[in-house]
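Spelled out from the first residue to the last, the chains are:
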Amino acid sequence: MEYSNLQRQAASLKKSLFDQGYLDEQFCQIEYLQDEASPNFTEEVVSLFFENSTRLMTNIEQAMEKNPRDFSRWDVNMQQLKGSCSSIGASRMKNECTSFRNICGDENAEGCMRSFQNLKREHGVLRQKLESYFQVLRQAGPAVTAARPRGM
Amino acid sequence: MAAAAAPSVSPSPAPAPAPKVASPKAGDRKVVPVDAVEVEVELKLELEEKHVLAVDDSSVDRAVIAKILRSSKYRVTTVESATRALELLALGLLPDVNMIITDYWMPGMTGYELLKHVKESSELREIPVVIMSSENVPNRITRCLEEGAEDFLLKPVRPSDVSRLCSRIR
């Protein structure tokens, strides 16, 4: 089967997201669910994820400002965020959430601040990369959503 | 056919007999109501999709679990809290739920508390309840199973996890 340039580009973007650890196997599970009844399922779920995660991160940021050293509150919010990350296979973000929770457990406020900054950065990068990926997918046309990069 | 009554001007001494329903004649089809109802119910169960109630405070997880279930041809109702789930069940708005699948940890009422409420209710206790959790805590799993949970799934939930529940749905 011949792939168009756009299709190759989409496959390549996806492969790099996996190779660089931004995404894990759970993302594939989400993609497998996409079908004729829900042709944009993956993108819809990712969109829900970013709505969810943005809100949770705002909550955490506010909690860190207004409730200094309220580690259990920070942790509860982070647990929810980690759950969301896990559900779509956002692997690097998920790992940073785990890291935050460990640091939180040590009651290290400064460490938490640093970890949170990392998390914000990872969030931004993931969003940008997924947006690019979906944009190319859309341009490439419907056929490519079924394609899997070699070795996946 | 009722016997035609001639209009009478004066009241009769005895009440006129009620019009008679014609008794079945040879060749008439007999109505057998009980069997017909049973057959209808059986057909309904076969043709209707099984109905799953999915409870999770995360919109992402609700979307995923609903899609997994719908891809397996289940009818799905999603709610974002255990309280809401119980409300709908108590109001009789979900009379035909075949299974409840719920997140363990949710703000307000937890999935564990929902499980307990369901199992303590004479109307609801037969409904299998499956708990989902992102944390692998053996005590938690044991407690849920002891309380009557049908199964315990670790998140993130995948299609293969759900397909093994299919046989449990009554």
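Residues numbered from 1 in each chain as written. Chains lettered and ligands numbered in written order. Predicted model: local features only at pLDDT ≥ 70, side-chain atom pairs only at ≥ 80, totals over all residues. Heavy atoms only, no water.

Visitor: Please give an account of empty space enclosed by the protein that cites residues and values.
Guide: In total, this model carries 3 cavities of 30 Å³ or more according to the counting rule given. Lining the largest cavity are Gln26(A), Ser87(A), Asp61(B), Val64(B), Ile65(B), Met132(B), Lys155(B), Pro156(B) and Val157(B). At 3 residues, helix α2 (residues 59–71) of chain B tops the list of elements feeding residues into the lining of the largest cavity. (1 Å grid on protein atoms, 1.4 Å probe; cavity = no way out; pocket = protein on both sides within 12 Å on 5 of 7 lines; lining within 4 Å. Points joined across faces, edges and corners; volume = space filled by probe spheres on them. Helix = DSSP H or I, 4+ residues; strand = E, 2+ residues; numbered from the N terminus.)

Visitor: Let's hear about the environment of Ala82(B): which residues, and what values?
Guide: All names here are of chain B. Relative to the assigned elements, Ala82 resides in helix α3 (residues 82–90). On a C-alpha basis, the gap between Ala82 and Glu123 in space is 17 Å, while along the polypeptide they are 41 residues apart. Not counting the four nearest positions on each side in its chain, Ala82 is found in contact with Val55, Met106, Met109, Thr110 and Leu114. (Contact = heavy atoms within 4.5 Å.)

Visitor: With reference to specific residues and values, describe the pairing of strand β5 (residues 151–154) of chain B.
Guide: Residue and element names in this part refer to chain B. Across 4 bridges, the pairing between strand β4 (residues 129–133) and β5 is parallel. The residue bridging Val130 from the neighbouring strand is Asp151, located in β5. Handedness of the crossover joining β4 and β5 through helix α5 (residues 138–146): right-handed. (Pairing = 2+ DSSP bridges. Right-handed = clockwise from strand over helix to strand, strands pointing away.)

Visitor: Quick one: what's the story with the packing of aromatic side chains, residue by residue and with numbers?
Guide: For the structure shown, the criterion picks out 4 aromatic pairs over all chains. Taken together, a centroid distance of 6.3 Å and an interplanar angle of 65 degrees make the contact between Phe18(A) and Phe27(A) edge-to-face. No difference in accessibility class separates Phe18(A) from Phe27(A), as the two residues are buried. Here Phe71(A) and Trp74(A) contribute two aromatic rings whose centre-to-centre distance is 5.0 Å and whose plane-to-plane angle is 65 degrees, an arrangement assigned as edge-to-face. Of the two residues, Phe71(A) and Trp74(A) both sit in helix α4 (residues 71–88), 3 residues apart, roughly one turn of that helix. You can call Phe71(A) buried: its relative accessible area is 7%. The side chain of Arg143(B) reaches across the aromatic face of Tyr112(B), ending 4.5 Å from its centre. (Phe/Tyr/Trp six-rings, centres within 6.5 Å; stacked < 30°, edge-to-face > 60°. Buried < 20%, exposed > 50% of the residue type's maximum accessible area, 1.4 Å probe, protein only. Lys NZ or Arg CZ within 6 Å of the ring centre and 35° of its normal.)

Visitor: Now, about the packing of helix α1 (residues 5–19) of chain A against helix α6 (residues 109–140) of chain A: what can you tell me, with residues and values included?
Guide: Residue and element names in this part refer to chain A. Running from N to C, α1 and α6 cross one another at 155 degrees; their axes reach a closest spacing of 8 Å. In terms of orientation, α1 lies roughly antiparallel with respect to α6. At the point where α1 passes α6, the crossing takes the left-handed sense. From α1, Leu6, Gln7, Gln9, Ala10, Leu13, Lys14 and Leu17 reach across to α6, where they touch Lys129, Leu130, Ser132, Tyr133, Val136, Leu137, Gln139 and Ala140. Across the contact of α1 with α6, the residue classes break down as 9 nonpolar, 4 polar and 2 charged. (Axes fitted to C-alpha atoms, helices over the stretch in contact; angles between N-to-C directions. Parallel < 35°, antiparallel > 145°, perpendicular 65-115°, else oblique. Left-handed = near helix turned anticlockwise from the far one by under 90°. Nonpolar A, V, L, I, M, F, W, Y, C, P; charged D, E, K, R; others polar.)

Visitor: An account of the layout of surface pockets is needed here, citing residue identities and associated values.
Guide: Considered as a void within the structure, the largest pocket measures approximately 350 Å³ in volume. Lining the largest pocket are 23 residues, and of these Gln80(A), Asp57(B), Ser58(B), Asp103(B) and Trp105(B) sit closest to its centre. Those elements giving two or more residues to the lining of the largest pocket turn out to be α3 (41–66) and α4 of chain A together with α2 and β4 of chain B. With 5 residues, the top contributor of residues to the lining of the largest pocket is α4(A). Residues belonging to the lining of the largest pocket are distributed by class as follows: 6 nonpolar, 9 polar and 8 charged.

Visitor: An account of unusual backbone geometry is needed here, citing residue identities and associated values.
Guide: At the junction of Lys155(B) and Pro156(B), the peptide bond is cis and its omega measures out at 0 degrees in the coordinates. With a phi close to 55 degrees, Glu107(A) is a non-glycine residue in the positive phi region. Inspection of the secondary structure puts Glu107(A) in the loop between α5 (91–105) and α6. Unusually for a residue other than glycine, Lys73(B) sits at a positive phi of about 70 degrees. Relative to the helices and strands, Lys73(B) resides in the loop between α2 and β2 (75–79). According to the relative accessible area criterion, Lys73(B) is exposed, its value standing at 59%.

Visitor: Kindly report on the side chain of Gln26(A), identifying the contributing residues and their values.
Guide: Within the secondary structure, Gln26(A) is located in helix α2 (residues 25–33). With residues up to four places along the chain from it excluded, the contact list for Gln26(A) reads Ser86(A), Ser87(A), Ile88(A), Gly89(A), Pro156(B), Val157(B) and Arg158(B).

Visitor: Report on the confidence of the model for chain B, specifying residues and quantitative values.
Guide: Residue and element names in this part refer to chain B. Taken as a whole, chain B shows an average pLDDT of 80; of its residues, 69% reach a score of 70 or greater. The weakest mean pLDDT in chain B belongs to helix α1 (residues 33–47) at 52; the strongest belongs to helix α4 (residues 111–120) at 97. Below pLDDT 50 for its whole length, residues 1–21 participates in 4 contacts with residues either more than four positions away or in separate chains. Interface confidence in the predicted complex, given as ipTM, is 0.87; pTM for the same model is 0.79. (pLDDT = per-residue confidence, 0-100.)

Visitor: Tell me about the interface of chain B and chain A, residues and numbers included.
Guide: The interface of chain B with chain A comprises 16 residues on the first partner and 21 residues on the second. Where chain B abuts chain A, roughly 1,600 Å² becomes buried across the two surfaces, and 57% of that area is made up of carbon and sulfur atoms. The residue Arg101(A) makes a salt bridge to Glu135(B) at a minimum N-O spacing of 3.8 Å. Counting residues per element, the side of chain B that touches chain A draws most heavily on α2(B), at 8 residues. (Buried area = accessible area lost by both parts, 1.4 Å probe. Salt bridge = Lys/Arg side-chain N within 4 Å of Asp/Glu carboxyl O.)

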